[in-house]
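# Tertiary structure, described
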Amino acid sequence: MITRKRLAAGVCALLAALTAGLAFPAGAAAGEPTGQDAPKVDLVLDVSGSMRARDIDGQSRMAAAKQAFNEVLDATPEEVELGIRTLGANYPGDDRKTGCKDTAQLYPVGPLDRTEAKAAVATLSPTGWTPIGPALLKAADDLDGGDGSKRIVLISDGEDTCAPLDPCEVAREIAAKGIGLTIDTLGLVPTAKLSRQLSCIAEATGGTYTSVEHQDELTDRVNQLVDRAADPVVTPVPVEGAGECTGAPALKSGLYTDREEFGQQRWYRVDVLPGQELRASVSVAADRAVNPGYGVLLRAVTTHGREIVRGEAAGDGRTDVISTGLRYPEPERDDSDGDKPAAETVCLAVTHSFSAASGVKTTPGLPLELTVDVVDGPGQAGDVASFGLGRGWWLLGALILTGFLAGLVWGWLSRWRVAVWRTN
């Protein structure tokens, strides 16, 4: 009897160890060092007098920005060097020349001391002018040097007050230097004029513009942008899609940008060899006021017009960007003549259902970002796509096997206990 009990306990322990080993495979090895400098981010905050307005969740714009900055500082990845620059924080007077020089580095770009940075943010109080152009020039200097990624995150509630130094021209000048610097912009409760200005600044460097009306939106968006700084910098290639598949530009693996007008459809072509897999995704951004309720559709179609696969997504007005994607594996083909099989041309069609709000310009079209990746198909067992779910299949198989064996062991133990009870 004692021997049987020990055997049962040993079987259960073996099953538990087997399940743990299969369900929790060893973690992937850490990535190899890239040799690049640390990614750098400069948060540029508008501290002009208009930041006193109390229209963000019942608190002032300045209070919402401070709270967001504190949460962002807590969440900043260790590898990111972060700095904070202000505009309009120090000069309360009426002299325009002096007010347009009012930009200062509140916390220098470098390894982050969260306590020191929070203490600096706590001292801010809405004060003066809105010198966006001068602040961007100084922020570019803050990030000068090194070959790591560089990102400016500009947060403002009003348009620049220091013309003729146009901040949009300043952004184009920064982009023309070729230093790989991206400017993302966020407008706090923006007017139409502010949205246009901040959109122009962002587009000049391949960045993004986001309209913000709530404190949690501000926190989430700045966190996303700071996290993104740690990603490798990829410069998208401008491309112009066609109105139909015939004559559409031929794309290879890469990142592409285009603009698609309201009610328009854009076509692109990709060649896929037998045994390869096409992976494509598209994002469409609303860089102006649009009506709520919209969607984006990405279709893979043959040159004869037959739809192969599609990806679609819908939005309700709570986000400025909507994305979808698709995958298409081209099956292997045998060629009786021994020649290399020809590639199949797959047509990608992008359609969106955004509609412009009343009085909003419909041109140029909305910015579109298309990612194309043509890879070897899932023919190798080591490919995580081999079974569709990757490692998830092994976990599912382990759970099924464990459940089956556990049921057998439990049934055997139950019968043994009944037999012992009857004997006694």
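Look a little higher up for the structure.
For the structure given in this document, a descriptive report is provided here. Everything numeric in this text was worked out from a predicted model, so none of it was measured. (Residues numbered from 1 in each chain as written. Predicted model: local features only at pLDDT ≥ 70, side-chain atom pairs only at ≥ 80, totals over all residues. Heavy atoms only, no water.)

### Section: the sheet that holds strand S13 (residues 307-315)
One open sheet holds the five strands; their spatial order is S8-S10-S15-S12-S13, and the pairing between them is mixed. The sheet is open, and its two borders are formed by strand S8 (250-251) and S13, each paired with just one other strand. Where strand S12 (residues 294-301) and S13 come together, eight bridges link them in antiparallel fashion. Each residue of the ladder has a partner; that of Leu298, found in S13, is Gly311. (Pairing = 2+ DSSP bridges. Helix = DSSP H or I, 4+ residues; strand = E, 2+ residues; numbered from the N terminus.)

### Here we look at the pattern of salt bridges
In the structure shown here, the tally under the stated rule is 13 salt bridges. Here Arg114 and Glu78 are joined by a salt bridge, their closest N and O atoms 2.9 Å apart. On the criterion of sequence distance, the pair formed by Arg114 in helix H4 (residues 114-122) and Glu78 in the loop between helix H2 (61-75) and strand S2 (81-87) is long-range, its members being 36 residues apart. Taking relative accessible area as the criterion, Arg114 reaches 21% and is therefore assigned partly exposed. The residue Glu277 makes a salt bridge to Arg279 at a minimum N-O spacing of 2.6 Å. Each of Asp55, Arg61 and Asp157 takes part in one network of salt bridges that share partners. (Salt bridge = Lys/Arg side-chain N within 4 Å of Asp/Glu carboxyl O. Buried < 20%, exposed > 50% of the residue type's maximum accessible area, 1.4 Å probe, protein only.)

### Some points on the packing of aromatic side chains
What describes a pair of aromatic rings is the distance from one ring centre to the other and the angle between the planes of the rings. Scanning the entire structure with this criterion turns up one aromatic pair. When the ring of Tyr294 is compared with that of Phe354, the centres are 4.3 Å apart and the planes differ by 20°; the resulting orientation is stacked. Residue Tyr294 is located in strand S12, and its partner Phe354 is located in the loop between strand S15 (344-352) and strand S16 (366-376); the two are separated by 60 residues in the primary sequence. With respect to class, Tyr294 is no different from Phe354; both count as buried. (Phe/Tyr/Trp six-rings, centres within 6.5 Å; stacked < 30°, edge-to-face > 60°.)

### Details of the nonpolar core
Core analysis: the largest hydrophobic core is formed by 31 residues, its most contacted members being Leu43, Leu45, Ile155, Leu186, Leu218, Val222 and Val226. Looking at this core, the elements that each hand over two or more residues are strand S1 (40-46), H2, S2, H4, strand S4 (150-156), strand S5 (181-188) and helix H8 (215-228). Not counting the four nearest positions on each side in its chain, Leu218 is found in contact with Ala64, Ala65, Ala68, Ile155, Leu186, Leu188 and Val212. Core analysis: the next-biggest nonpolar cluster, separate from the first, contains 27 residues, Val239, Leu298, Val350 and Val372 among them. (Core = buried A, V, L, I, M, F, W, Y, C linked by side-chain atoms within 4.5 Å. Contact = heavy atoms within 4.5 Å.)

### Re the environment of Thr302
Mapped onto the elements of the fold, Thr302 is located in the loop between S12 and S13. Judged by its relative accessible area of 9%, Thr302 is buried. As for Thr302 and Val346, which are separated by 44 residues in sequence, their C-alpha atoms are 5.4 Å apart. Leave out the neighbours within four places in its chain, and Thr302 touches Ile308, Glu344 and Cys347.

### Here we look at the side chain of Ser156
Mapped onto the secondary structure, Ser156 falls in strand S4. Excluding residues that lie within four positions of it along the chain, Ser156 makes contacts with Asp46, Thr130, Ile132, Leu186, Gly187, Leu188, Leu194 and Leu198.

### So, H4
Here H4 has its buried residues at Ala117, Ala120 and Val121. Burial along H4 is one-sided: seen end-on, the buried residues are contained in an arc of 100°. Exposed and oriented more than 90 degrees from the buried face of H4 are Thr115 and Ala122. Tucked into the core, H4 has its buried residues touching H2, S2 and strand S3 (103-110). Sitting at the head of H4, Asp113 places a side-chain oxygen 3.2 Å from the backbone nitrogen of Thr115. (Arc of directions from axis to C-beta. Polar contact = N/O pair within 3.5 Å; in protein donor to acceptor, adjacent residues only side chain to side chain.)

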